Amino acid sequence: MTKSVYVLPGDNIGPEIISEGIKVLEVVNERLDLDIDIHYGLLGGAALDATGDPCPPETLAAARNSDAVLLGAVGGPSWDHHDRELRPEKGLLKMRYGLNLFANLRPAITYPQLVSASSLKPDVIEGLNILIVRELVGGIYFGEPRGFRTLESGEQEGFNTLKYSESEIRRVGEIAFEAAMKRGKRLCSVDKSNVLEATILWRKVISEMSADYPLVSLSHMYVDNAAMQLVSEPSQFDVIVTGNMFGDILSDISAMLTGSIGMLPSASLNEKGFGMYEPCHGSAPDIAGKNVANPLATILSVALLLRYSLGAPNAAEIIEEAVSRVLDRGFRTSDILTDGTTLVSTSQMGSAVMDAIITA
Ligand code: IPM
Ligand code: MG
C-alpha cells in the first residue's frame, strides 16, 4: 500500500537540507520498493508569504491525511515584524498542537568519528547514546492565561502559565518508560520540583508510574543540575524525560555532545504513532542559501520517519549506516570540520550519503 510523506521545507536553510533528506528518502524508496509517495506543502514564513498564515488549514489537513510529515526548519528575521500570532514559529507550534504530537524524541548519539568536533573533551563524550523525551504540546509553551497586560502603575507585564495535568504527564511518561525498556533501562525525570508546583506533580506522577516498570531504574534531577551533569558526566544518562521548555534547552545542550546541533534529528509522535520528523536545529538565516548547512540531522530524521511511522526499520538502518560510512570517509560540513577531514557542501554531503547507500 502506498505510504504518503508530506514534506514541509520551511524557511532559510530548510529547503536546502530537505533536498538532501529527499535524495536519501528517494533512493531507499526505490531500492527497497517502499512505495512512498512524496508531496510538498507550506509552513512557517514560506506559508505566511504565500497565504498570510504560517500554518494554513490546508497544511494541517494535508498533514493529517499523510502517514508522516518531514519538516525542514521555520523562521527568520525577515518575519520578525509580523504580529506574534503570525510568526513562523507559531506555525510550527500550531502543527505540533494540531496533530497532538505530545512526545518529542531527540536521540543524541556521539559518533566516534566526530568526538573531536565537540567542544567537550573526548573522554567525556565518547560512546554516548542519550534519548531525550520532551513533552511537546503542553507546559509553558501552551499554558493559558498568557499575554501582556498593563499594571496599575502603568508598567507593562508579560506573563505565561506553566501547567501540567496528570494525564499529560502520564502519556509522555509512558513513552519514556517504554523507550527505556528497549534501551539501557535507566530513566531520569527532570523537573524543578524544589520551586514549581507543576513539576512537583510531574515528579509525583512519574514516580507512581515506576511501579508499572520494575525493570527501569528511575531517578529524578532538578533541571539546573541536569544541565550541569549533561556537560560534566553525560554517560550517566540513558533516557531523560522532561517538560516542554526544559526539553528545549536540554536538547540543545545535548546537541553539543554529538559534535554539532547539525547532527541531532527528532521525532514528534502522537498516541497513534503518527509523527512529524525534523532536525532539532533552527532555520539558520546566517548561512541560508550558501549550501554550507549540515543536512545530516535531516537525513537522520528521515531514518526516524522510516522506523517509527512507516514501519521500515531496515531502511532506517541503511541510512544510519550510510551516514556513519560517509563520516568514516572524512566528509564534513563546516560545523563538524576538524583537522585532517574534508570540507563538503550541503549537497555534496547529501550525495555522499546517497552514494553510500547505492554502493552498500
Ligand atoms: C525546537 C525549537 C522550537 C521550540 C522553536 C523554533 C519554536 O527551538 O524545536 O527546539 O522551541 O520548540
Ligand atoms: Mg530548541
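Each remark here, short or long, concerns the structure printed above.
I will try to describe carefully the structure that is included in this document. Just so it is clear, the structure is predicted and the values come from calculations on it, not from any experiment.

**So, the pattern of salt bridges**
Close approach of charged atoms allows side chains with opposite charge to pair. Summed over the entire model, instances satisfying the criterion amount to 12 salt bridges. Among the salt bridges present, the one from arginine 96 reaches glutamate 278, with a minimum N-O distance of 3.3 Å. Of this pair, arginine 96 sits in helix α4 (residues 88–98) while glutamate 278 sits in strand β12 (residues 275–279), and the two are 182 residues apart along the sequence. On the basis of relative accessible area, glutamate 278 is assigned to the buried category, the value being 5%.

**Quick look at the site of ligand 1**
As a structural note, the neighbourhood of ligand 1 is formed by Arg96, Arg106, Arg134, Tyr141 and Asp248. Measuring from an oxygen atom of ligand 1, one finds a side-chain N or O atom of arginine 134 at 2.8 Å. Within the side chain of tyrosine 141, a nitrogen or oxygen atom sits 2.5 Å from an oxygen atom of ligand 1. When ligand 1 sits alone it has 320 Å² of accessible area, and the protein chains cover 78% of it. Classifying every residue of the shell around ligand 1 by side-chain character gives 1 nonpolar, no polar and 4 charged.

**Points about the sheet that holds strand β10 (residues 239–242)**
Ordered in space as β2-β1-β3-β12-β11-β4-β5-β10-β8-β9, the 10 strands form an open sheet in which the pairing is mixed. Looking at which strands have only one partner, the edges of the open sheet turn out to be β2 (36–40) and β9 (217–222). Taking each pair of neighbouring strands and ignoring which way they run, the sheet shows an average axis angle of 20°. Bridge analysis of strand β11 (residues 265–269) against β12 gives 5 bridges, and the strand direction is antiparallel. What sits directly across from alanine 267, in β12, is tyrosine 277. The strands touched by α4 are β1 (3–10), β3 (68–73), β4 (103–109), β5 (129–135) and β12; relative to β12, the strand with the most contacts, the crossing angle is about 150°. Contacting β4, β5, β8 (186–191), β9 and β10, helix α6 (residues 166–182) runs over the sheet at an angle of about 165° to β5.

What counts and what doesn't
Throughout, a residue's number is its position along its own chain's written sequence, starting from 1. Chain labels run from A onward and ligand labels from 1 onward, assigned in the order the entries are written. Whole-chain, interface and lining totals are the exception, using all residues; otherwise, since this is a predicted model, local features are given only for residues with pLDDT of at least 70 and side-chain atom pairs are given and counted only at 80 or more. Side-chain metrics rest on all non-hydrogen atoms present in the structure, leaving aside hydrogens and water. In the sections that follow, a salt bridge refers to a side-chain nitrogen of Lys or Arg positioned within 4 Å of a carboxyl oxygen of Asp or Glu. Only DSSP runs of H or I with at least four residues qualify as helices, and only runs of E with at least two residues qualify as strands; both kinds are numbered from the N terminus onward. Relative accessibility decides the category of a residue: with a 1.4 Å probe and only protein chains considered, values under 20% of the type maximum give buried, values over 50% give exposed, and everything between is partly exposed. Put simply, a residue is near a molecule or strand once any heavy atom of it comes within 4 Å of that molecule or strand. Residues adjacent in sequence count toward polar contacts only when both atoms are side-chain atoms; beyond that, a polar contact is any pair of N or O atoms within 3.5 Å, and within protein one must be able to donate a hydrogen and the other to accept it. In short, Shrake-Rupley with a 1.4 Å probe defines the accessible areas, and a residue's cover is counted only from the protein chains shown. Three residue categories are used. Nonpolar comprises Ala, Val, Leu, Ile, Met, Phe, Trp, Tyr, Cys and Pro, charged comprises Asp, Glu, Lys and Arg, and polar comprises the others, including Gly. Paired strands, as defined in this entry, are two strands with at least two bridges between them according to DSSP. Note on method: axes are straight lines fitted to C-alpha atoms, helices fitted across the in-contact stretch only, with angles between N-to-C directions ranging 0 to 180 degrees. The contact criterion used throughout is that any non-hydrogen atoms of two residues lie within 4.5 Å.

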